[in-house]
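# Results of the structural survey
Spelled out, the chains give:
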Amino acid sequence: MLLAGAVLCLAMAAVGFAPRATASRRADADVALPRTIRDSMNAVFLASNEHWNELGDLNTLERMLGTVRPTQREYLGCLQGTVRDGVVRIDGWMPAHDMKRLQLAVTGSCEGVPRLLGTWHTHPYHADLENLPIKERSLSPQDLETLRTSDYAVMLVIWDVDSLDAAVRVPDGTTRHPAAVRIE
Ligand SMILES: [Zn+2]
């Protein structure tokens, strides 16, 4: 955004008169995500969210360990695409390698993924004491710190069907959160 603004100022100085409305051209989204790719993430969310409400009789440790019976688990994917005109344009994704999937965390590697832009992961529901869903609707502070200290341009989390939260890393190394996502 800063770079685009600087270029715009130079252009206006060269022309030498006030900008028209069309000159203030800030991209209307930080991230462009095709609908088909969003739908494929929805499918992964649904599969990895199964069993979230079937653990009511287990104690907290048993739930966290997830070894007594199948449970919901986070999932990690590697986002592919390009950054153009200040917009992160996602055009595909691949599963991370060596995924370690837990209820409240996931690890894995996106090394070797071509045109790597960043990562996406799921936040499955958690059951409260009445077995109602608690939804973690946002990237966590730890998620954002991971993005800030990475080389990645973007991080997405899917926390429900058609529901996501995004952050982008801008050129000065800080993160913009929440980032505006355009489904197209
Ligand atoms: Zn997270």
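The following refers to the structure shown. Residue positions are given per chain, counting from 1 as you read along its sequence in written order. Restriction of local features to residues with pLDDT of at least 70 applies here, the model being predicted, together with a cutoff of 80 or more for giving and counting side-chain atom pairs; totals for whole chains, interfaces and linings are based on all residues.

### Section: the environment of R182
Strands are runs of DSSP state E lasting at least 2 residues, helices are runs of H or I lasting at least 4, and numbering of each runs from the N terminus. Locating R182 in the fold gives a position in strand β12 (residues 181-183). Given 14 C-beta atoms within 10 Å, R182 falls into the partly exposed group. The sequence separation of R182 and R35 amounts to 147 residues, and the corresponding C-alpha distance is 9.4 Å. A pair of residues counts as a contact when their C-beta atoms, built from backbone coordinates, are separated by no more than 7 Å. Sequence-distant contacts of R182, that is, excluding residues within four places in its chain, are made with D28, A29 and A32. Using C-beta atoms placed from the backbone, we call a residue buried if 20 or more other C-beta atoms fall within 10 Å of its own, exposed if 12 or fewer do, and partly exposed for counts in between.

### Some remarks on the pairing of strand β9 (residues 154-160)
For β9, a buried count of five out of seven residues is recorded, marking the element as mostly surrounded by other parts of the structure. Direction of pairing for strand β6 (residues 116-122) relative to β9: parallel, over a ladder of five bridges. Its bridge partner being in β9, W120 is matched across the sheet by L156. As paired elements, β9 and strand β10 (residues 163-169) share six bridges and run antiparallel to each other. Bridge assignment links D160 to a residue of β10, and that residue is S163. Only strands that DSSP links by at least two bridges are regarded as paired with each other. Linking β9 back to β10 in an antiparallel pair, the connection comprises two residues, with D162 at a positive phi of about 60 degrees.

### Topic: helix α2 (residues 35-49)
End to end, α2 covers 21 Å across 15 residues, agreeing with the expected 21 Å (1.5 Å per residue, within 8%). Within α2 the residues assigned to the buried category are M41, F45, S48 and N49. Down the axis, α2 shows its buried residues gathered within 95 degrees of arc, on one side only. Opposite the buried face of α2, at more than 90 degrees from it, the exposed residues are R35, T36, D39, A43 and A47. In this structure, the buried residues of α2 make contact with β6 and β9. Immediately downstream of α2, the backbone of H51 shows phi near 75 degrees, a positive value. One less than the residue count of a helix, multiplied by 1.5 Å, gives the span that helix is expected to have. Throughout, the arc means the angular range of directions from the helix axis out to the C-beta atoms.

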